[in-house]
Amino acid sequence: MYMAYGWPQVIPLEQALCPTSEQIVYLKLVNRLLLVVAPSHLELWSCSQHKVRLGKYKRDADSIQREGENMKAVWSPDAKLIAVLTSSFFLHIFKVQFTEKKIQIGGKQPSGLFLATISLLLSEQVPFAKKDLTVSNIVSDNKHMLLGLSDGSLYTISWKGEFCGAFELDSHMHDSNKVSELSHSLDNGVSSRGAPGVVSTSTHNTSQQSAVIQLELSLLLRLLFVLYSDGQLVLCSVSKKGLKQIESIKAEKRLGSGDSVCASIASEQQILAVGTRRGVVELYDLAESASLIRTVSLYDWGYSMDDTGPVSCIAWTPDNSAFAVGWKLRGLTVWSVSGCRLMSTIRQMGLSSVSSPVVKPNQDCKFEPMMGGTSLMQWDEYGYRLYAIEERCIERIVAFSFGKCCLNRGVSGTTYVRQVIYGEDRLLVVQSEDTDELKIFHLNLPVSYISQNWPVQHVVASKDGMYLAVAGLHGLILYDIRLKKWRMFGDISQEQKIQCNGLLWLGKIVVVCNYVDSSNTYELLFYPRYHLDQSSLLGRKTLLAKPMVMDVYQDYILVTYRPFDVHIFYVKLSGELTPSRTPDLQLSTVRELSIMTAKTHPSAMRFIPDQLPREYISKNHISSSSNLLAREPARCLILRVNGELSLLDLDDGRERELTDSVELFWVTCGQSEEKTNLIEEVSWLDYGHRGMQVWYPSPGVDPFKQEDFLQLDPELEFDREIYPLGLLPNAGVVVGVSQRMSFTSGTEFPCFEPSPQAQTILHCLLRHLLQRDKSEEALRLAQLSAEKPHFSHCLEWLLFTVFDAEISRQNSNKSQVSAPKGGGKFSLLEKTCDLIKNFPEYLDVVVSVARKTDGRHWANLFAAAGRSTELFEECFQRRWYRTAACYILVIAKLEGPAVSQYCALRLLQATLDESLYELAGELVRFLLRSGREYEQASTDSDKLSPRFLGYFLFRSNSRRQSSDSKSPSFKEQSAHITSVKNILENHANYLMSGKELSKLVAFVKGTQFDLVEYLQRERYGFARLESFASGLELIGEKLEMGTLQSRLDAEFLLAHMCSVKFKEWIVVLATLLRRSEV
């Protein structure tokens, strides 16, 4: 996937004559060349490693006055011709030619760049020119170009400058009503919550009057999309001959919600992205009769259409796995197809982002990129740069740098243990050795390699994650993470002969899928990791064709060709692989499979090793070195281009669909020999629109023939800003990455920083084991993780999910009479509690879960977890007073107010002894609430402020004697309040007698104790000062006046002493504070 990193770069454009339209007309990237068409000139830039302007064509003032400014443009697919339509409807056709003048760039290496000339071939007025005419953008194939007119017709022009005539689409589509109904039903069901679908009801003949505002052409799918000014979007089929036969363009159906403003097609994935006036993007599956897949928007991030405006442009990445969306008023965002927000220039909502999105701030203050909106966007051909132009800006192009991760998964191996994001000339590696804090470090590739072989194309980590193989345009290099050293080919001529199309690690051997230019064939090359040289080449295997998908497991290599031919090779090494000797490597074909299917082609395939349960191994006395364990895998997982995940049986060629909307997956079974691997129970994990899914093997009769897989956790909640990169099997953690922006002084734009995040899946694994009655394995797994920082959270999440499922099950079975429990059969909730009891976190976890759930269900929880009073007592004995305080409410609910009051009074005394005054204050407030009649407790307690409670508790006795004082509830309340008052007064006496004044202030603030009344009563008691001198010395010692907090405490006491006119204290405190005015 794509993650932005670093500061955006600026490409300056030439300042032209004062144009009337402050808008760049056209931006297009073909073959490492970037064409920019401005109102009065054209510029051609190199988009390779060096961003250099190669050529330009500048129109003079006479030409602009006579023929108008540049208005629309298109670049031919072969990048040789440029067509420009001016505002006075003149057609200009330019030719691009490269000269032999080489561009020299600093450094020893030649740049390979040549200057270009742009010359005008033809200038002619178009025959359809008339007043008030508007035209759409221009689309083209190799021979013809097509544009839409304001009368709803389409016009064809050849690249030779021949005007072929206009053509009107037949707007009477047979299924327009059906499509309208489809839009209604889907929009209500699939749209994002904040953006209800707006469906136009006027679906008949609207296109005849409406102007065509955009055309979108896919020659691969032979589809043309025509967008009208009233928001209607029409899908049309195109003949094999392309735009030449304009009459063969047939309107098939209408799409969208009737408020479409732009569209962009992903031909590889067969997905159409439609931008709307609401600022929402709708994704349609063209393979499935153009049905709505999902919508994406910034509504969930707190931004509405008022902030961003309507969508202005959409640009798909070259591999169609993500798309960038630009809005008319503010910002751009990059999304994955599954709906994960990968990058956004718009700052997160908060107090700092109150600036209006429409008004551009002053240039000298820091602001986000694309603050004024986005007008045009283009990805480079590798997906490493996104070029964007701001609305009403003709001075510059802003280029955002992107790193890629989890891509090239078809022809390159994947190792989930090491997470790497690779940019055009660097690697961003996640340092996961310390799981407490994940960090990303930038690893720059050696200049001697990358300057010759820019950009990076394949990156694969070895199985243990300690070696990286990196391939650019030619050759490959290796990096040792432990030693921090690079290994390269010594002979550059050997390096230049390798054009890497795929990479795999086979133990200590690097397998390169090499394209041989001279014979137009593909081959596998086997190099040992300790030496990259032709003399150390272990073996070479010529392939039948270009491989579509490759994978490796132990000594087996899987190669799949188009359309769907699977070949599996076995690699045999005779001799040991050491730097001193080169063993003989033999490759034999062990299986060939040709599968006929109408499905889309695979984008990734992975072997599934057979999972043998430990009981099975011990029962059948199978040794770990046995042939049974090292046997050839009989199944593999297939991820297709359309996101469908299926399981293929390699024995009989049967394929079983598992799920869809998947973007990536990791096979975790059989991948690690380590004892501390926490995920050996898991078969695989996948990530897509539904979030993370964890798959487990089902307990089949014969472990080798497991037909069914149990999908236990259909939704492992994953934040839609975090994209998963891989796993840390020893920590039971999924590592993801999200975007951060940091603003620094002296820079106009923020720096984009990919930030690694860890999310545990331990609770899923534990729940799965407990469900299968594997309590011992669950305990062993939990003990392995007990030292991890997220362990307590995992236990809490485990208990919460199990308890929540139990509540849901009971609610669904309410109508049925529950049968008595079978003898000796424990529920999952009881098994979970028994597991967590083995850890000291148990007391905290149980009460945390109770606080997160409805009090009506507490009885069920504590029936399994243990009696609440016993758990409270255990906390009390361990002096875990905060945890014990949390149990008070549970005891009040389950055991009654009397028991809870008794526990709270004991806890109040203990917290006062430990000087935990904030906690003591909460207990005082609870005791006051529970002291009233119990029925009123839940309704009235929250309405009374602590000040009122303090007033009610500590007023003089004469005020308490009200007319209803004889009622039994009030007598009970008075007795209850008296005991609380006695505890507090005794503690105040203890603090005042020892002159612990800082503690006294904290005590008064925490418990709302009425200090004024107490001072009046104890003026000649505990609060009495013997003499000024002794009092000054004692209080000066207790209150260290050098610290700010002590001075604040003294001020607090002085204010209270002044209110009761306690002269001795006033003098002493005023002296210490040096306050003569008092």
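Source: prediction; values computed, not measured.

Novice: When you look at the overall build of the chain in this model, what are you seeing that I'm missing?
Specialist: Along the chain, the regular secondary structure elements total 26 helices and 55 strands. Of all 1078 residues assigned to the chain, the portion counted as buried reaches 55%. Of the roughly 48,100 Å² that the chain leaves accessible, carbon and sulfur atoms contribute 50%.

Novice: Would you mind showing me how to read a positive patch on the surface here?
Specialist: A surface patch of like charges, here positive, comprises Lys-143, Lys-160, Lys-241 and Lys-244. Turning to its location among the elements, Lys-143 is positioned in the loop between β11 (135–140) and β12 (144–149). According to the relative accessible area criterion, Lys-143 is exposed, its value standing at 61%.

Novice: Which parts of the structure should I look at to understand the confidence of the model for the chain?
Specialist: Any segment with low pLDDT has predicted coordinates that should not be analysed in fine detail. Averaged over all residues, the pLDDT of the chain equals 82, while 83% of them reach at least 70. Scored below 50 in pLDDT, residues 174–207 shows 63 contacts in the model against residues more than four places distant or in partner chains.

Novice: How do you make sense of the packing of helix α22 (residues 997–1007) against helix α25 (residues 1044–1060) when you look at a structure like this?
Specialist: For any two helices packed against each other, one specifies the inter-axial angle together with the distance between the axes. Closest axis-to-axis distance for the α22/α25 pair is 10 Å, and the angle between their directions is 65 degrees. Taken together, the axis directions place α22 and α25 in an arrangement best described as roughly perpendicular. By crossing handedness, the relation of α22 to α25 is classed as left-handed. In this structure, α22 contributes Leu-997, Ser-998, Leu-1000, Val-1001, Val-1004 and Lys-1005 to the contact, and α25 contributes Asp-1049, Phe-1052 and Leu-1053. Its residues assigned to classes, the contact of α22 with α25 shows six nonpolar, one polar and two charged.

Novice: I would appreciate a short explanation of the sheet that holds strand β39 (residues 521–528) in the present structure.
Specialist: Two orientations exist for strands paired in a sheet by backbone hydrogen bonds: parallel and antiparallel. Here we have four strands laid out as an open sheet, ordered β37-β38-β39-β40, and antiparallel in their pairing. Only two strands of the sheet have a single neighbouring strand rather than two, namely β37 (500–506) and β40 (539–542). Across this sheet, the average inter-strand angle for adjacent strands is 20 degrees, counted without regard to direction. With eight bridges joining them, strand β38 (residues 509–516) and β39 adopt antiparallel strand pairing. Within β39, the position partnered with Val-512 by the bridge is Leu-525.

Novice: Looking at this structure, how should I read the environment of Gly-279?
Specialist: Mapped onto the fold, Gly-279 is located in the loop between β20 (271–276) and β21 (281–285). For Gly-279, a relative accessible area of 4% gives the class buried. Considered as a pair, Gly-279 and Gly-326 are 47 residues apart in the sequence and their alpha carbons are 9.4 Å apart. Those residues in contact with Gly-279, other than ones at most four positions away along the chain, are Ser-297, Met-305, Gly-309, Pro-310, Val-311 and Trp-327.

Novice: Explain the packing of aromatic side chains here, please?
Specialist: In the structure shown here, the tally under the stated rule is 24 aromatic pairs. When the centroid spacing of 5.7 Å and the interplanar angle of 70 degrees are considered together, the rings of Tyr-917 and Phe-1003 count as edge-to-face. With a gap of 86 residues between them, Tyr-917 in helix α17 (residues 917–931) and Phe-1003 in helix α22 connect regions that are remote in the sequence. For the pair Tyr-917 and Phe-1003, a shared accessibility class is recorded, and that class is buried. Taken together, the ring pairs in this structure connect Tyr-917, Phe-1003, Phe-1009 and Tyr-1014 into an aromatic cluster. The aromatic ring of Phe-1052 is capped on one face by Lys-1005, whose charged end is 5.1 Å from the ring centroid.

Novice: Can you walk me through the nonpolar core in this structure?
Specialist: Nonpolar side chains tend to gather and get buried jointly when the protein is soluble and globular. The biggest cluster of nonpolar side chains holds 187 residues, and the ones touching the most others in it are Phe-400, Leu-427, Leu-476, Tyr-887 and Phe-1003. Ranked by the residues each element gives to this core, the list is headed by helix α10 (residues 791–812), at nine residues. Beyond its immediate sequence surroundings of up to four residues, Leu-427 is in contact with Val-420, Ile-421, Tyr-422, Phe-441, His-442, Leu-443, Leu-445, Val-459, Leu-468, Val-470 and Trp-486. Counting 39 residues, the second-largest nonpolar core is a separate cluster that includes Leu-54, Ile-93, Phe-94 and Trp-159.

Thresholds applied
- Residues numbered from 1 in each chain as written.
- Predicted model: local features only at pLDDT ≥ 70, side-chain atom pairs only at ≥ 80, totals over all residues.
- Heavy atoms only, no water.
- Helix = DSSP H or I, 4+ residues; strand = E, 2+ residues; numbered from the N terminus.
- Buried < 20%, exposed > 50% of the residue type's maximum accessible area, 1.4 Å probe, protein only.
- Areas by Shrake-Rupley, 256 points an atom, 1.4 Å probe, with all protein chains shown as cover.
- Patch = residues over 30% accessible without salt bridge, like charges linked within 9 Å, V, L, I, M, F, W, Y side chains within 5 Å.
- Salt bridge = Lys/Arg side-chain N within 4 Å of Asp/Glu carboxyl O.
- Lys, Arg positive; Asp, Glu negative; His and termini not counted.
- Charge placed at Lys NZ, Arg CZ, Asp CG, Glu CD.
- pLDDT = per-residue confidence, 0-100.
- Contact = heavy atoms within 4.5 Å.
- Axes fitted to C-alpha atoms, helices over the stretch in contact; angles between N-to-C directions.
- Parallel < 35°, antiparallel > 145°, perpendicular 65-115°, else oblique.
- Left-handed = near helix turned anticlockwise from the far one by under 90°.
- Nonpolar A, V, L, I, M, F, W, Y, C, P; charged D, E, K, R; others polar.
- Pairing = 2+ DSSP bridges.
- Phe/Tyr/Trp six-rings, centres within 6.5 Å; stacked < 30°, edge-to-face > 60°.
- Lys NZ or Arg CZ within 6 Å of the ring centre and 35° of its normal.
- Core = buried A, V, L, I, M, F, W, Y, C linked by side-chain atoms within 4.5 Å.

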